[in-house]
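Each chain is listed here by its residues.
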Amino acid sequence: MAFVVTGRNVFTPAFLFVIFTFLLDSIYSSKFDYDFVTCGSALKILNTAHNARLHSHDVKYGSGSGQQSVTGVDSSDDHNSYWQVMAKTGALCTRGNPVKCGQTIRLMHVATKRNLHSHHFQSPLSHNLEVSAFGENGEGDEGDNWVIVCNGKYWSRNERVRFKHVTTEYYLHMSGDTYGRPIHGQREISAYSGISDLNSWQAAEGIYIKPTQTKSRTSVGEDNDDDSDDDNEDNAKDIPHDEF
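Residues numbered from 1 in each chain as written. Predicted model: local features only at pLDDT ≥ 70, side-chain atom pairs only at ≥ 80, totals over all residues. Heavy atoms only, no water.

Draft legend 1. The overall build of the protein chain, seen in detail. From N to C terminus, the protein chain includes two helices and 12 strands. Going from the N terminus to the C terminus, the protein chain shows its helices and strands as α-β-β-β-β-β-β-β-β-β-β-β-β-α. Here the protein chain holds 244 residues, and the buried ones make up 48% of them. Taking contacts inside the protein chain between residues at least 6 apart in sequence as the whole, the part at least 24 apart equals 68%. Summed over all atoms, the accessible surface of the protein chain reaches about 12,000 Å², with 50% contributed by carbon and sulfur. (Helix = DSSP H or I, 4+ residues; strand = E, 2+ residues; numbered from the N terminus. Buried < 20%, exposed > 50% of the residue type's maximum accessible area, 1.4 Å probe, protein only. Contact = heavy atoms within 4.5 Å. Areas by Shrake-Rupley, 256 points an atom, 1.4 Å probe, with all protein chains shown as cover.)

Draft legend 2. Expanded view of the packing of aromatic side chains. Following the criterion strictly, the structure yields three aromatic pairs and no others. Measuring from ring centre to ring centre gives 5.2 Å for Phe36 and Tyr154, while their planes differ by 55°; the resulting arrangement is tilted. On the criterion of sequence distance, the pair formed by Phe36 in the loop between helix H1 (13-29) and strand S1 (42-47) and Tyr154 in the loop between strand S8 (146-149) and strand S9 (162-165) is long-range, its members being 118 residues apart. For Tyr154, a relative accessible area of 9% translates into the label buried. Between the aromatic rings of Trp155 and Phe163, the centroid separation amounts to 5.6 Å while the plane-to-plane angle is 80°, which identifies the pairing as edge-to-face. Residue classification places Phe163 among the buried residues on the basis of a relative accessible area of 0%. Through a chain of ring-to-ring contacts, the aromatic side chains of Tyr34, Phe36 and Tyr154 assemble into a single cluster. Lying across the ring of Tyr208, Arg157 places its NZ or CZ 4.2 Å from the centre. (Phe/Tyr/Trp six-rings, centres within 6.5 Å; stacked < 30°, edge-to-face > 60°. Lys NZ or Arg CZ within 6 Å of the ring centre and 35° of its normal.)

Draft legend 3. Summary view of the state of the cysteines. Under the counting rule described, the total for this entry stands at two disulfides. The disulfide partner of Cys39 is Cys93, and the S-S distance across this bridge is 1.8 Å. For the disulfide bridge between Cys39 and Cys93, the dihedral angle about the S-S bond is near 45°, and by the sign convention the bridge is right-handed. Taken together, the residues Cys39 in the loop between H1 and S1 and Cys93 in the loop between strand S4 (83-87) and strand S5 (104-109) connect sequence positions 54 residues apart. (Disulfide = S-S within 2.5 Å.)

Draft legend 4. Representation of the pattern of salt bridges in the model. With the rule as written, the count across this model stands at five salt bridges. Here Asp74 and Arg187 are joined by a salt bridge, their closest N and O atoms 3.1 Å apart. Separated by 113 residues along the polypeptide, Asp74 in the loop between strand S3 (68-73) and S4 and Arg187 in strand S11 (residues 187-192) bring together distant segments of the chain. With a relative accessible area of 47%, Asp74 lands in the partly exposed category. Each of Asp58, Lys60, Arg114 and Glu136 takes part in salt bridges that share partners, so that together they form one network. (Salt bridge = Lys/Arg side-chain N within 4 Å of Asp/Glu carboxyl O.)

Draft legend 5. The side chain of His117, seen in detail. Its place among the elements puts His117 in strand S6 (residues 115-122). His117 gets classed as buried once you look at its relative accessible area, which sits at 4%. Polar side-chain contacts of His117 include one of 3.4 Å to the backbone oxygen of Gly143. Polar contacts involving the side chain of His117 include one to the side chain of Asp144, which spans 2.7 Å. With sequence-adjacent residues up to four places away left out, His117 is seen in contact with Gln67, Glu130, Val131, Ser132, Phe134, Asp141, Gly143, Asp144 and Trp146. (Polar contact = N/O pair within 3.5 Å; in protein donor to acceptor, adjacent residues only side chain to side chain.)

What follows is the structure in structure tokens.
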């Protein structure tokens, strides 16, 4: 595909975003030979029950916390559905290191720099716990922390996972309830107390950062990450593998 550029002031933000989206789609559609989600990757997260992606935008809840709302959208090409994998609050993780099953992370909304968050406010439609986007420039609080629940050693891009909120111990959930105006048709995202097909998720489109070529697989994850190898193994033991 070729781009033909004519006229003046063609490199507007809208034009550059189109180019970025094209390049991102090209990267994702090409063969990628690394199977895991890594620290620093920016990805879309697909709810496997509803085939809808985790989404946010600068629209506040009209009730509950009044924080930025988090929803689900059916579209696969919405730019407000990218989330960056970050270390848990107050910690560091090494870019390119694979995320371990049982590891605690944050998910930062790329467009607004707010973190996926939950607390004890009630969600507006299903009356589960509210899920919002919280903080400024990636800085929030302990309510931003989620444990990756999966069956292997690492968060695989090809397998279903769950996100368990550290503070409430509820799971990131998509009930299927939909909003009216001003976000008509978007699905409610909430946190739910139990295991359900509705809180099963999978990594989708995104920019996935590989480990550095000089680092061996045996040393991956042994840097100053948010959880040490021993800590991650302990966390994994606390999360039964039969949750799937």
